[in-house]
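# Reading the structure
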Amino acid sequence: MRRVRRAFLLLSAIVVATVAPCAAIGAQPAQQTSTAYQKALDLEQADKYAEAVVAYREALAQSPGSVPVILGLERAYAQIGRTDSMLPVLNAAIARNPREAVFRVALLRSLRTVGDREGARVAFEKWRADWPRDPVPYREYSRMLMQDGQTTAVDTLLRRAQAEFGSGRGLEYETALLRSSMGMWPLAAESWRAALRTNAYLDQAAVHSLLPAPRSARAELRQAFMSAPVELGARKALAALEVSWGSPREGWLALKDVRDTGSVNAWLDFAQRAEQTDAWLTARDALVAVLTVHGRGDVAARAANDALAGGDAASSLALAQQATLLMDARAVISVVLGTYVRALAALGRADDAQKLVVQYAPLLAPDQRARLDQAVAWAWVKAGDVAKARALLADAAGQTGEASGWLALYDGDLKGARTRLKATSSATPELLTALALLERSKADSAAVAGKAFLDLARGDTIAAATGFERAAQTLPDAAPLVLAVAARLYGNRHDVVRSVALWKGIVEKYPEAPEAPEGDLEWGRAMRRQGNLPMAIERLEHLILTYPQSALVPQARRELDLARATVPPTP
């Protein structure tokens, strides 16, 4: 902990020193490298703070106005709990060089550390008097007060500065922080916009400060950032806020029309944020915007991958094709070929996928070829030709991959599928369902379930749902799971009657199953949509009371609020 604190103090000192007037620092290069100063630094790094104080004192005697020496002495004193000993040192340094801001800030910091609030106020007043009509004293003192949670005092101070200067210019950041802390959201947004206009690096601070804004305040906040003129800093901050609020699409709408020298970097940053929240298609759109300005193969490849992750195989294919035109063959193999093949597979274009792999085969390493063959095999499955998929995977390498695991599952060979299907970081819902079935059921074979998975891969939702429903009879240890899969598929096809019947059966027959809370939720949702509000409320309350630890409880509460809000009043 002491090392962490020392490193933090050292970093703070370096940052503060870099903003000091260059003349004050540049006038002492020999002093900074003095023997006593280097000895003090070495002792500080060795956690020998008392000895470091002595060495810093010696260096200070040699160089009374040295900024690095005084900051080093401040750190050492802080580590041994003697910050009060810095006060006369800093006062002497200020008397010697009243225009050095670093000494003034260090004095405020030291007075705050020893708990002398009145002393800090007096130091601020003296600084303000010595630097008339300069916002820096107000800025530093208000930040210190803000750190102590003294919002009323900060408000008074900033009003005073505005009266003195005729505006709040130079104090936009402090004003923005104050207004955010007081929940003055629209005004805070205006202040943040002003601060970002001259200090674009504050965008993360703006996002952090405005993130707690309640939903009811967000419309006005958006208006403050979106109003004319269009400014990159404001739009970038709003876009990041929208992502954090769970509305990445609105974030992109705020940012997409900005045309500025920094637009491309802003779009790239936004794409990364969207990717981190799995907003894949929004991320793709941001990357496509980059491509309109800079035709970069790596960006096109990344956009293709995002499109595929978002379920848009057609745009993924187009972007992958664009990427190949912007790269040499080896870059294509390492960056985008896998996405290209998977996009073709998702579209059922197995023959094209296989031709593509053959085209690049002379440059492929054995492990690369094996992975691509797996993807092509999946394409043949999607195309409905399991025999070609099996023939492609006839070699030993293919027999151990994911595609061969799926083929085993399609054959109903649960035992073989268990040894080949593995969880991955980019697992699809189908894979997660298959893995759950293989874990829940101890059966070695299940032809009906295998056929249901094959129908699902081929896109025949109704046949798949019927198959999973039938599979419950042959896999009693996984019956709630396969019935839930069937219920979801029927729901996707808007067959509410069949879907609700299955969810109802799960809740009533398998109340201890992991799928039971979902059954209650979907049953309740369906009843609310049909206007059967008493039944909807009953099911949602049952979920909340019976499964209080379920991750679905927050959703159930929202649905319950909606159901109760629409219940007609009792006559």
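Residues numbered from 1 in each chain as written. Predicted model: local features only at pLDDT ≥ 70, side-chain atom pairs only at ≥ 80, totals over all residues. Heavy atoms only, no water.

### Things to note about the overall build of the chain
As a reminder, the rule being used: What counts as a helix is a DSSP run of H or I of at least four residues, what counts as a strand is a run of E of at least two, and both are numbered from the N terminus. Any two residues whose heavy atoms approach within 4.5 Å are treated as being in contact. Method for areas: the Shrake-Rupley scheme with a 1.4 Å probe, in which residue coverage is limited to the protein chains shown.
Helix and strand counts for the chain come out as 36 helices and 0 strands. Taking all contacts inside the chain whose residues are at least 6 apart in sequence as the whole, residues at least 24 apart take part in 52%. With the model as given, the accessible surface of the chain reaches about 27,800 Å², and the carbon-plus-sulfur share is 55%.

### Topic: the nonpolar core
This is how the line gets drawn: As used here, the term nonpolar core means buried Ala, Val, Leu, Ile, Met, Phe, Trp, Tyr and Cys residues forming a set that is joined through side-chain atoms within 4.5 Å. Relative accessibility decides the category of a residue: with a 1.4 Å probe and only protein chains considered, values under 20% of the type maximum give buried, values over 50% give exposed, and everything between is partly exposed.
Leu-255, Leu-337, Val-341, Leu-409, Leu-421 and Phe-468 are the most contacted members of the largest nonpolar core, which has 99 residues in total. Top element by residues in this core is helix α32 (residues 479–492). It accounts for 10 residues. Ranked by size, the runner-up nonpolar core spans 49 residues in total, among them Ala-36, Met-86, Leu-108 and Trp-127.

### Section: empty space enclosed by the protein
Let me state the cut-off plainly: With a 1 Å grid spanning the protein atoms alone, the term cavity applies to any set of points in which a 1.4 Å probe fits but cannot get out, the term pocket to an open set with protein on both sides within 12 Å along at least five of seven lines, and the term lining residue to any residue with an atom within 4 Å of a point. Grid points are joined across faces, edges and corners, and a volume is the space filled by probe spheres set on the points.
Going through the model one piece at a time under the given rule, you end up with 2 cavities of 30 Å³ or more. In this structure, the largest cavity spans a volume of roughly 40 Å³. Together, Trp-378, Trp-406, Tyr-410, Glu-430, Phe-453, Leu-456 and Ala-457 line the largest cavity. Going through the elements one at a time, α27 (402–410) and α30 (447–457) are the ones with two or more residues in the lining of the largest cavity. Examining the composition of the lining of the largest cavity, we find that 3 residues originate from one element, α30, more than from any other.

### What about the side chain of Glu-174?
This is how it is decided: Contacts described as polar in this section are N or O atom pairs within 3.5 Å, which, within protein, must combine one atom able to donate a hydrogen with one able to accept it, while residues neighboring in sequence count only if both atoms come from side chains.
Mapped onto the secondary structure, Glu-174 falls in helix α12 (residues 172–181). A distance of 2.5 Å separates the side chain of Glu-174 from the side chain of Arg-143, its partner in a polar contact. What Glu-174 contacts, discounting residues up to four positions off in sequence, is Arg-139, Ser-142, Arg-143, Met-146 and Leu-158.

### Here's the deal with the packing of α32 against helix α33 (residues 496–509)
Note the threshold: Fitted lines through C-alpha atoms give the axes, limited to the stretch in contact for helices. The angle between two N-to-C directions lies from 0 to 180 degrees. Here the angle decides the label: under 35 degrees means roughly parallel, over 145 means roughly antiparallel, 65 to 115 means roughly perpendicular, and every other value means oblique. The hand of a helix crossing depends on one turn: near helix anticlockwise from the far one by less than a right angle means left-handed, and clockwise means right-handed. Under the grouping applied here, Gly and all other residues not named as nonpolar or charged are polar, the nonpolar ones being Ala, Val, Leu, Ile, Met, Phe, Trp, Tyr, Cys and Pro and the charged ones Asp, Glu, Lys and Arg.
With their axes 8 Å apart at the nearest point, α32 and α33 run at an angle of 155 degrees to one another. Between α32 and α33, the angle falls in the class roughly antiparallel. Crossing of α32 over α33 shows left-handed handedness. Of α33, the residues touching α32 (which contributes Pro-480, Leu-483, Ala-484, Ala-486, Ala-487, Arg-488, Tyr-490 and Gly-491) are Arg-498, Ser-499, Leu-502, Trp-503 and Ile-506. Of the residues contributing to the contact of α32 with α33, the split by class is 9 nonpolar, 2 polar and 2 charged.

### So, helix α5 (residues 49–62)
Here is the rule: Residue count minus one, scaled by 1.5 Å, sets the expected span of a helix.
Taking 1.5 Å of rise per residue, 14 residues should cover 20 Å, and α5 covers 20 Å from first to last C-alpha, within 8% of that figure. Restricting attention to buried positions, one finds in α5 the residues Tyr-49, Ala-52, Val-53, Ala-55, Tyr-56, Ala-59 and Leu-60.

### Points about the confidence of the model for the chain
Note the following rule: The predictor reports its confidence for every residue as pLDDT, a score running from 0 up to 100.
The predicted model of the chain has a mean per-residue pLDDT of 86, with 90% of residues at 70 or higher. Every residue in residues 1–33 is under pLDDT 50, and counting partners more than four places away or in other chains gives 41 contacts.

### Digging into the pattern of salt bridges
This is how it is decided: For this document, the term salt bridge refers to a Lys or Arg side-chain nitrogen within 4 Å of an Asp or Glu carboxyl oxygen.
Overall, the coordinates contain 36 salt bridges when judged by the stated rule. The residue Arg-284 makes a salt bridge to Asp-285 at a minimum N-O spacing of 3.0 Å. Residues participating in the shared-partner salt-bridge network are Arg-249, Arg-284, Asp-285 and Asp-312.

### Description of the environment of Val-341
Examined against the element boundaries, Val-341 turns out to sit in helix α23 (residues 337–346). Take Val-341: its relative accessible area is 0%, and that puts it in the buried class. Taking the C-alpha atoms as reference, Val-341 lies 9.3 Å from Asp-373; in sequence the two are 32 residues apart. The residues contacting Val-341, other than those within four sequence positions of it, are Ala-353, Leu-356, Val-357, Leu-372, Ala-375 and Val-376.

### Looking at unusual backbone geometry
For the peptide bond that leads from Ala-228 to Pro-229, omega is -5 degrees, which places it in the cis range. Position of Pro-229 among the secondary structure elements: in the loop between α15 (218–226) and α16 (232–244). Within the chain, Asp-47 stands out as a residue other than glycine whose phi angle is a positive 65 degrees. Here Asp-47 lies in the loop between α4 (35–45) and α5. Unlike most non-glycine residues, His-494 shows phi in positive territory, near 60 degrees. Tracing the chain through its elements places His-494 in the loop between α32 and α33.

### Focus: the packing of aromatic side chains
The condition is simple: Aromatic rings from Phe, Tyr and Trp, with only the six-membered ring used for Trp, were paired whenever their centres fell within 6.5 Å, and each pair was classed as stacked if the ring planes differed by under 30 degrees, edge-to-face if by over 60, and tilted otherwise.
Overall, the coordinates contain 8 aromatic pairs when judged by the stated rule. Measuring from centroid to centroid gives 6.2 Å for Trp-252 and Trp-267, while their planes differ by 75 degrees, and the two rings are edge-to-face. Of the two residues, Trp-252 sits in helix α17 (residues 248–255) while Trp-267 sits in helix α18 (residues 263–276), which places them 15 residues apart along the sequence. The two residues Trp-252 and Trp-267 agree in class, both being buried. An aromatic cluster of at least three residues, connected via ring pairs, comprises Trp-406, Tyr-410, Phe-453 and Phe-468.

### Regarding α4
How we decide: The arc refers to the directions leading from the helix axis to the C-beta atoms.
Regarding α4, the residues found buried are Ala-36, Tyr-37, Ala-40, Leu-41, Leu-43 and Glu-44. Projected down its long axis, α4 carries its buried residues within an arc of 165 degrees, all on one side. Immediately downstream of α4, the backbone of Asp-47 shows phi near 65 degrees, a positive value.

### As for the side chain of Ser-66
Relative to the elements of secondary structure, Ser-66 occurs in the loop between α5 and α6 (67–79). Within the local environment of Ser-66, its side chain forms a polar contact with the backbone nitrogen of Val-69, the two atoms lying 3.3 Å apart.

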